[in-house]
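# Residue-level structure breakdown
Now for the letters of each chain:
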Amino acid sequence: SPKDGESAAAAEPGRGGTAPSSGVVVQVREKKGPLRAAIPYMPFPVAVICLFLNTFVPGLGTFVSAFTVLCGARTDLPDRHRCCVFWLNIAAALIQILTAIVMVGWIMSIFWGMDMVILASKCS
């Protein structure tokens, strides 16, 4: 037995009730931290190279991607100066290099490279 009157009316076709509107519009936005938002939108081949570099030498692809910011690649931080975004990417590369000893940096580096490729495919 239904708990509320609306669903009872909708369950019985002879009562003339209309089905309640159960469609709810939900908007989901990913909130990125400053380091994650500093990942540049690069051309796809460059992003794949950075992923390859990050896979075998943690932080190297992130270090290379920092220089694409200086070459004009856009990021999700439009209000920050280009040099600031460059240094954020350098900081991310250093974190990846320094924590690669305990495998955390290596995993972070691979995920960073995958994010670069995903952003590049969205941009293309």
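Residues numbered from 1 in each chain as written. Predicted model: local features only at pLDDT ≥ 70, side-chain atom pairs only at ≥ 80, totals over all residues. Heavy atoms only, no water.

### So, the overall build of the protein
The helix and strand tally for the protein stands at six helices and zero strands. What you see in the protein, going N to C, is helices and strands ordered as α-α-α-α-α-α. Sorting the 124 residues of the protein into buried and exposed places 31% on the buried side. Long-range pairs, those at least 24 residues apart, make up 66% of the contacts in the protein between residues at least 6 apart in sequence. For the protein, the exposed surface amounts to about 8,200 Å²; the carbon and sulfur share of it is 67%. (Helix = DSSP H or I, 4+ residues; strand = E, 2+ residues; numbered from the N terminus. Buried < 20%, exposed > 50% of the residue type's maximum accessible area, 1.4 Å probe, protein only. Contact = heavy atoms within 4.5 Å. Areas by Shrake-Rupley, 256 points an atom, 1.4 Å probe, with all protein chains shown as cover.)

### Looking at the packing of aromatic side chains
Each aromatic ring pair is described using two quantities: the centre-to-centre distance and the angle formed by the ring planes. Summed over all chains, the structure comprises four aromatic pairs. Both rings, one in Phe63 and one in Phe67, keep their centres 5.3 Å apart while their planes meet at 75°; by these two values the pair is edge-to-face. In this pair, Phe63 and Phe67 both sit in helix H4 (residues 60-70), four residues apart, roughly one turn of the helix. Given a relative accessible area of 38%, Phe63 falls into the partly exposed group. Through a chain of ring-to-ring contacts, the aromatic side chains of Phe63, Phe67, Phe86 and Trp87 assemble into a single cluster. Lying across the ring of Tyr41, Arg74 places its NZ or CZ 4.0 Å from the centre. (Phe/Tyr/Trp six-rings, centres within 6.5 Å; stacked < 30°, edge-to-face > 60°. Lys NZ or Arg CZ within 6 Å of the ring centre and 35° of its normal.)

### Regarding helix H3 (residues 44-56)
Between its first and last C-alpha, H3 extends 19 Å over 13 residues, near the 18 Å set by a 1.5 Å rise per residue. For H3, the set of buried residues is Ala47, Cys50 and Asn54. Seen from one end, H3 has its buried residues packed into an arc of 60°, which puts them on one side. Within H3, the exposed residues directed more than 90 degrees away from the buried face are Pro45, Phe52 and Phe56. Against the buried residues of H3 lie H4, helix H5 (82-98) and helix H6 (104-123). (Expected span 1.5 Å × (residues − 1). Arc of directions from axis to C-beta.)

### Some points on the nonpolar core
Core analysis: the biggest nonpolar cluster contains eleven residues, these being Ile39, Tyr41, Met42, Ala47, Cys50, Ala92, Trp112, Met116, Val117, Leu119 and Ala120. Mapped by element, the contributors of at least two residues to this core are H3 and H6. If you tally residues by element for this core, the top one is H6, at five residues. Leaving out residues up to four positions away in the same chain, Ala120 has contacts with Met42, Pro43, Phe44 and Ala47. (Core = buried A, V, L, I, M, F, W, Y, C linked by side-chain atoms within 4.5 Å.)

### Examining the packing of H3 against H6
It is at 8 Å that the axes of H3 and H6 come closest, and there the two elements cross at 170°. Between H3 and H6, the angle is such that the two are roughly antiparallel. Across from Phe44, Ala47, Val48, Cys50, Leu51, Asn54, Thr55 and Phe56 in H3, the residues of H6 making contact are Trp106, Ser109, Ile110, Trp112, Gly113, Met114, Met116, Val117, Ala120 and Ser121. Each residue belonging to the contact of H3 with H6 can be placed in one class, and the counts come to 13 nonpolar, five polar and no charged. (Axes fitted to C-alpha atoms, helices over the stretch in contact; angles between N-to-C directions. Parallel < 35°, antiparallel > 145°, perpendicular 65-115°, else oblique. Nonpolar A, V, L, I, M, F, W, Y, C, P; charged D, E, K, R; others polar.)

Geometric values such as these leave the question of function open.
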